[in-house]
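Each chain, written out:
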Amino acid sequence: SPLSLRSNPEEGKLVFCDGSVWHRLQCLRGFGEWLNGIVEFSANLQRMDLDIATFSCISALALITERHGLKEQGRVEELQSTIVKCLKNTLSYVDDGGPCRANHVSELLETLPELRRLCTRGLQRIFYLKLEDLVPPPAAIDQLFLDTLPF
């Protein structure tokens, strides 16, 4: 996620999409235990030292996921396959033109399940905040709850 790429886990700073920089302690009340997972994921992602093209491919794969109730699952799978091909193509050469590590693609793809777990934990946290009436969720998140609730 962009938050993971922009943030500095060693300094305990999180940089949000609007450019605001918050210290980890400032985020703790709203994020709760979810914050630890975000910071750990951020540190792991930064250790990979991704270029923007590789990061863009991983971000696209994170967004293009299988969802319950899709009418055209095959199209999602086609799109995922195309993005993985782009990722492999992007990683086929490093800046100096030499071949990239062969296991880099699988290493990157292994980040996706963790990112999805973080997203689920985030939705749980937002749902908790909504239930406790502590923070009103944005309309898009509210709609996401309505679309994904099993009842």
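The notes below deal with the structure included here. (Residues numbered from 1 in each chain as written. Predicted model: local features only at pLDDT ≥ 70, side-chain atom pairs only at ≥ 80, totals over all residues. Heavy atoms only, no water.)

## Things to note about the overall build of the chain
To be explicit about the condition: Under the scheme used here, helices are H or I runs from DSSP no shorter than 4 residues and strands are E runs no shorter than 2 residues, and both carry numbers assigned from the N terminus. Remark: exposure states derive from per-residue accessible area (1.4 Å probe, protein chains only) relative to the maximum for the residue type, with buried under 20%, exposed over 50%, and partly exposed in between. Using a 1.4 Å probe, the Shrake-Rupley method yields the accessible areas, and only the shown protein chains count as cover for residues.
A tally of regular secondary structure across the chain gives 8 helices and 2 strands. Going from N to C terminus, the chain has its helices and strands arranged as α-β-β-α-α-α-α-α-α-α. Split into buried and exposed, the 151 residues of the chain put 31% on the buried side. Total accessible area on the chain is roughly 10300 Å²; 57% of this is exposed by carbon and sulfur atoms.

## Structural notes on a nonpolar patch on the surface
Note the threshold: Patch membership requires over 30% relative accessible area and the absence of a salt bridge. Like charges are linked within 9 Å, and nonpolar side chains (Val, Leu, Ile, Met, Phe, Trp, Tyr) within 5 Å. Only one rule defines a salt bridge in this text: a Lys or Arg side-chain nitrogen within 4 Å of an Asp or Glu carboxyl oxygen.
A surface patch of nonpolar side chains, amounting to about 270 Å² of accessible area, comprises Tyr128, Leu134 and Val135. Mapped onto the fold, Leu134 is located in the loop between α7 (111-131) and α8 (139-148). Accessibility expressed as a relative area gives 44% for Leu134, which makes it partly exposed.

## Things to note about the side chain of Thr111
For the record, the criterion: As used in this structure description, the phrase polar contact means that two N or O atoms lie within 3.5 Å; if the pair is within protein, one of them must be able to donate a hydrogen and the other to accept it, and residues adjacent in sequence are counted only when both atoms belong to side chains.
Position of Thr111 among the secondary structure elements: in helix α7. On the basis of relative accessible area, Thr111 is assigned to the buried category, the value being 10%. Engagement of the side chain of Thr111 in a polar contact is seen with the backbone oxygen of Leu108, the distance being 2.5 Å.

## Section: unusual backbone geometry
In this model, Asp49 sits at a positive phi of 50°, which is unusual for a non-glycine residue. Take Asp49: it is sitting in the loop between α3 (34-47) and α4 (52-63). On the accessibility criterion, Asp49 (67% relative accessible area) is exposed.

## Regarding α4
What counts here: Helix span, expected: 1.5 Å multiplied by one less than the number of residues in the helix.
Over its 12 residues, α4 extends 16 Å from the first C-alpha to the last, a length consistent with the 16 Å expected when each residue adds 1.5 Å. Two or three places before Ala53, at the start of α4, stands the capping residue Asp51, its side-chain oxygen 3.1 Å from that residue's backbone nitrogen.

## Observations regarding the pattern of salt bridges
Taken as a whole, this structure holds 3 salt bridges when the rule is applied. For Arg75, the salt bridge identified is with Glu72, shortest N-O distance 3.4 Å. For Arg75, a relative accessible area of 56% corresponds to the exposed category. Relative accessible area serves as the criterion here: at 47%, Glu72 is assigned to the partly exposed category. In this structure, Glu114 and Arg117 form a salt bridge, with 3.1 Å as the shortest nitrogen-oxygen distance. Residue Glu114 and its partner Arg117 are both found in helix α7; the two are separated by 3 residues, about one turn of the helix. By relative accessible area, Glu114 is classed as partly exposed at 27%.

Honestly, it's all geometry; don't read function into it.
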